[in-house]
Amino acid sequence: INAENDAKNTTALNNAADISVIVVYFLVVLAVGVWSMVHTNRSTVGGFFLAGRSMVWWPVTSLFASNIGSVHFVGIAGTGAASGIAIGGFEWNSLFVIVILGWIFVPIYIRAGIITMPEYLKKRFGGQRIRIYLSLLSLVLYVFTKISADILSGAIFIQQALGLNIYLAVIALLAITALYTVTGGLAAVIYTDTLQTFIMLIGSFILMGFAFNEVKGYENFEKLYMQAVPSITGNISANCYEPRPDSFHLFRDPLTADIPWPGLVFGLTIQAIWYFCTDQVIVQRCLSAKSLSHVKGGCILCGYLKILPMFLMVFPGMISRILYTDVVACVDPDECEKHCGTRVGCSNIAYPKLVVELMPKGLRGLMLSVMLASLMSSLTSIFNSASTLFTMDIYTRIRRSASEKELMIAGRVFILALIGVSIAWIPMVQGSQSGQLFVYTESITSYLAPPVAAVFLLAIFCKRVNETGAFYGLIIGLCMGLSRMITEFIYGTGSCAIPSNCPTIICGVHYLYFGLILFVISGIVMLAVSLMTKPIDDKHLYRLCWSLRNCTEERVDLEMDDWTDNQDSNSPGFLKKAVMCFCGLETKKAPKLTKEEEEALQRKLTDTSEVPLWRNVVNVNAVILLCVAVFCHAYFG
């Protein structure tokens, strides 16, 4: 039977209908990328990194596509298959935080006139060490969580669908992804993301319909899931392979559950604040919107879309366990290795298995396109944002007199280095957290992100916090987080069948609780050290803190900008000119501005005014969204 399944997998997409769908899809994506490449200004830092602040509200929704990647399709569906619906609460928790992003954080960022998050902290606190610390930490997190996990999840899907060598498939995907990221800049990423959001939603809705049809409705689905026990269990304890009694509850026991409810409500909110409100990938989308009302509109639409993963990913993942119990719910290490190549569990293949086995020809090709789309949209967003961080916050420290053209090239070369490191890290991701990809990414985030969330919240809401306090809070938080993370990697996280022997005093605290403790300790250190040291004068904080957000006086920056544009005056030859045009480095699109034009451009980039009608429309919609979020939590609680 396994041999037959393997043969089926290798030829699953070997038909004209599927192949033609995939080819048409890629042609459309490349056409959109080329169109945006021609129609947007990519030859300036503002054009390449912020799309010239010209985006309307609906493409800003690309932050949903940037957030929802193949790691969600594979990871959330996999954890749903393993333990029930609680993982869907990770998505619903962010509904509240997205409103906080649009109404509190983004107005401050826009008034501050910044491009990157470390740049905001530099303006707020002065000095260079926090900015460089945050840039480096963000890049580390990109490698350990986002890029490596996304690449792995895409590879798992391709392996199930095509039977190709994982690394060969990954390299082909990355080549296509890098092509339009490098050539198009942020505008190409946003427009292609917006297209892919619709493709993702259509394909996953169709699959959900097929899945529920197989189990004959929701009530039958609940009953069948609780009976989905693998036939080969060996001498392993029953609680390792029987579905959890609380599988259909969001809020679970605070001490014994896999996802305790205080961690889901409080610990997860801290992670979400870091991810949505202080992370370059998401905030950069919002900073590209043409007005604050467009930012808020994009956030609300993204919030409504975030309701869907429970129905489009978690439930299908659980149905996959019902239909393919021996494979998806395998518990015996030898059996698991035979089915999916890893000994800690095969829950990650729940969604890909459903696609390959359930979808008819043509639609199967569409779903592969969806997975490729989600993988590419996440990777393009991360590559663009990582190169922004490296270029604006690290490279300008090394090369203070770099020309704008040199910065563009440095950012693109850096993307290639990032990919190499991420691919090398993939084997570590495969064996972590019982093979549950989403739990792996969330746990790493819990160890590294809470001090960053604390520093941003205090920077905005407590003007008394200064650079010294912020820096020592970050460092102490980092040391605590790394001690837990490194210990886990040394001992391994194990699985239910083969538990880890990591000391309970270090690994015994649930990762969501650990993140909460880390956040509180970091915040206390920041406040305590700040109160013992000299405060920052208000004249340096105008429009950088919530209490001073409406000040009109001119702000005295604590430090001057590191980088000023030194235009390359040499006239390029024909070949060089062609290459520059392809990469968006042609200088003719960036004419020299007069002092008045520069001031007008700066006013546009820092304007947060709203038309009263649209301000009221988005405010009412925000209230409706929050009511829907509360209802969802109450109904499934």
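Here goes a summary of the coordinates provided.

Parameters at a glance
Numbering of residues starts from 1 in each chain and follows the order in which that chain's sequence is written. Owing to the predicted nature of the model, reporting of local features is limited to residues with pLDDT of at least 70; listing and counting of side-chain atom pairs is limited to 80 or more, with chain, interface and lining totals taken over all residues. With hydrogens and water set aside, each side-chain value is computed from the structure's full complement of heavy atoms. Each patch is built from residues that are more than 30% exposed by relative accessible area and take part in no salt bridge. Like charges join if they lie within 9 Å; nonpolar side chains (Val, Leu, Ile, Met, Phe, Trp, Tyr) join within 5 Å. Per-residue and other accessible areas follow the Shrake-Rupley method at a 1.4 Å probe size, with only the shown protein chains counted as cover for residues. Whenever Lys or Arg places a side-chain nitrogen within 4 Å of a carboxyl oxygen from Asp or Glu, that contact is recorded as a salt bridge. Elements are defined by DSSP. Helices are runs of H or I of four residues or more, strands are runs of E of two residues or more, and each kind is numbered from the N terminus. Exposure classes here rest on a 1.4 Å probe applied to the protein chains alone. A residue is buried below 20% of its type maximum, exposed above 50%, and partly exposed in between. The span you would expect from a helix comes to 1.5 Å times its residue count less one. Between N-to-C directions, angles cover 0 to 180 degrees, with each direction set by a line fitted to C-alpha atoms, over the stretch in contact for helices. Angles below 35 degrees are treated as roughly parallel, those above 145 as roughly antiparallel, those between 65 and 115 as roughly perpendicular, and all remaining angles as oblique. Crossings are assigned a handedness: left-handed for a near helix turned anticlockwise from the far helix by less than a right angle, right-handed for a clockwise turn. What makes two residues a contact is simply this: any of their non-hydrogen atoms within 4.5 Å. Here the term charged refers only to Asp, Glu, Lys and Arg, the term nonpolar to Ala, Val, Leu, Ile, Met, Phe, Trp, Tyr, Cys and Pro, and the term polar to all other amino acids, Gly among them. For Phe, Tyr and Trp, where Trp contributes only its six-membered ring, two rings pair if their centres lie within 6.5 Å, and the inter-plane angle classes them as stacked under 30 degrees, edge-to-face over 60, or tilted in between. In this scheme, Lys NZ or Arg CZ marks a charge over a ring once it lies within 6 Å of the ring centre and within 35 degrees of the ring normal. By nonpolar core is meant a set of buried Ala, Val, Leu, Ile, Met, Phe, Trp, Tyr and Cys residues that side-chain atoms within 4.5 Å join together. By convention in this document, the label disulfide applies to cysteine sulfur atom pairs within 2.5 Å.

**Digging into a nonpolar patch on the surface**
Judged by side-chain polarity, Phe 251, Trp 261, Val 265 and Phe 266 come together as a nonpolar surface patch covering roughly 340 Å² of accessible area. Locating Phe 251 in the fold gives a position in the loop between helix H11 (218-225) and helix H12 (261-277). A relative accessible area of 32% means that Phe 251 is categorised as partly exposed.

**Overview of helix H21 (residues 437-448)**
A rise of 1.5 Å per residue sets the reference length of H21, with its twelve residues, at 16 Å; its end C-alpha atoms lie 17 Å apart and thus fit the reference within 8%. With respect to burial, H21 is a largely interior element, twelve of its twelve residues being buried.

**Overview of the environment of Ala 16**
Examined against the element boundaries, Ala 16 turns out to sit in helix H2 (residues 16-39). Measuring from C-alpha to C-alpha, the distance between Ala 16 and Gly 362 comes to 8.2 Å, with 346 residues separating the pair along the chain.

**Comments concerning the environment of Leu 379**
Note on placement: Leu 379 falls in helix H19 (residues 363-398). Between the C-alpha atoms of Leu 379 and Lys 146, which are 233 residues apart in sequence, the distance is 8.1 Å.

**Digging into the packing of helix H7 (residues 88-112) against H12**
Two measures define how a pair of helices packs: the angle their axes make with one another and the distance between the axes. Put simply, H7 and H12 touch, their axes get as near as 8 Å, and they point 45° apart. If you check the angle between H7 and H12, you find them oblique. Note that H7 runs across H12; the crossing there is right-handed. Counting all contacts with H7, which are made through Gly 89, Phe 90, Asn 93, Ser 94, Val 97, Ile 98, Ile 100, Leu 101, Phe 105 and Tyr 109, the residues of H12 involved are Leu 264, Val 265, Leu 268, Thr 269, Ala 272, Ile 273, Phe 276 and Cys 277. Residues of the contact of H7 with H12, tallied by class, amount to 14 nonpolar, four polar and no charged.

**Comments concerning the packing of aromatic side chains**
Summed over the entire model, instances satisfying the criterion amount to 27 aromatic pairs. A centroid spacing of 5.5 Å and a plane angle of 65° characterise the contact between Phe 221 and Phe 315, whose relative ring orientation is edge-to-face. One end of the pair, Phe 221, is in helix H11; the other, Phe 315, is in helix H15 (residues 309-323), with 94 residues separating them in the sequence. This pair shows no difference in class: Phe 221 is buried, exactly as Phe 315 is. Considering the side-chain rings of Phe 390 and Phe 414, the 4.1 Å spacing of their centres and the 0° angle between planes classify their relative orientation as stacked. With Phe 390 in helix H19 and Phe 414 in helix H20 (residues 404-430), this pair connects stretches of sequence that are 24 residues apart. Phe 414 shares its class with Phe 390; the two are buried. Joined through ring pairs, the aromatic side chains of Trp 92, Phe 212, Tyr 218, Phe 221, Tyr 225, Phe 248, Phe 311, Phe 315, Phe 631, Tyr 635 and Phe 636 make up one cluster. One residue, Arg 129, lies across the ring of Phe 471, its end atom 4.1 Å from the ring centre.

**So, unusual backbone geometry**
The backbone phi angle of Lys 216 is positive, close to 60°, even though this residue is not glycine. As for its placement among the helices and strands, Lys 216 is situated in the loop between helix H10 (166-215) and H11. The class of Lys 216 is exposed, set by a relative accessible area of 64%. With a phi close to 65°, Arg 543 is a non-glycine residue in the positive phi region. Within the element layout of this structure, Arg 543 appears in the loop between helix H25 (511-532) and helix H26 (574-582).

**Side note on the pattern of salt bridges**
For the coordinates displayed, the defined rule picks out 14 salt bridges. The salt bridge partner of Arg 252 is Asp 246, with a shortest N-O separation of 3.8 Å. For the salt bridge of Lys 353 with Glu 357, the shortest nitrogen-to-oxygen distance reads 3.3 Å. In this pair, Lys 353 and Glu 357 are both assigned in helix H18 (residues 350-358), four residues apart and thus about one turn of the helix distant. The class for Glu 357 is partly exposed, based on a relative accessible area of 22%. Connected through salt bridges with shared partners, the residues Arg 244, Asp 246, Arg 252 and Asp 258 form a single ionic network.

**Some thoughts on the nonpolar core**
Membership of the largest hydrophobic core comes to 178 residues, with the highest contact counts inside it found for Tyr 120 and Phe 456. When residues of this core are assigned to their parent elements, the largest contribution, 18 residues, is made by helix H9 (residues 129-162). Here Tyr 120 is in contact with Ile 108, Tyr 109, Ala 112, Ile 114, Phe 456, Ala 459, Ile 460 and Leu 544, once residues within four sequence places are set aside.

**Structural notes on the state of the cysteines**
Evaluation of the coordinates by the stated rule reveals two disulfides. Covalently, Cys 330 is tied to Cys 336 through a disulfide, its sulfur atoms 2.2 Å apart. Judged by the torsion about the S-S bond (125°), the Cys 330/Cys 336 disulfide is right-handed. Neither Cys 330 nor Cys 336 differs from the other in exposure class; each is buried. The side chain of Cys 502 participates in a disulfide bridge whose partner is Cys 507; the two sulfur atoms lie 1.9 Å from each other. A torsion of 60° about the S-S bond marks the disulfide between Cys 502 and Cys 507 as right-handed. When sorted by exposure, Cys 502 lands in the same class as Cys 507, which is buried. The structure places no disulfide on Cys 277, whose sulfur is separated from the nearest cysteine sulfur, that of Cys 299, by 8.6 Å. Take Cys 277: its relative accessible area is 0%, and that puts it in the buried class.

**Points about helix H13 (residues 280-287)**
Extensive coverage of H13 is indicated by the burial of eight of its eight residues. Buried residues of H13: Gln 280, Val 281, Ile 282, Val 283, Gln 284, Arg 285, Cys 286 and Leu 287, and no others.

**Looking at the side chain of Ser 247**
Here Ser 247 is to be found in the loop between H11 and H12. For Ser 247, a relative accessible area of 0% puts it in the buried group. With residues near it in sequence (within four places) discarded, Ser 247 still touches Ser 83, Gly 84, Ile 85, Tyr 225, Met 226, Arg 252 and Met 318.

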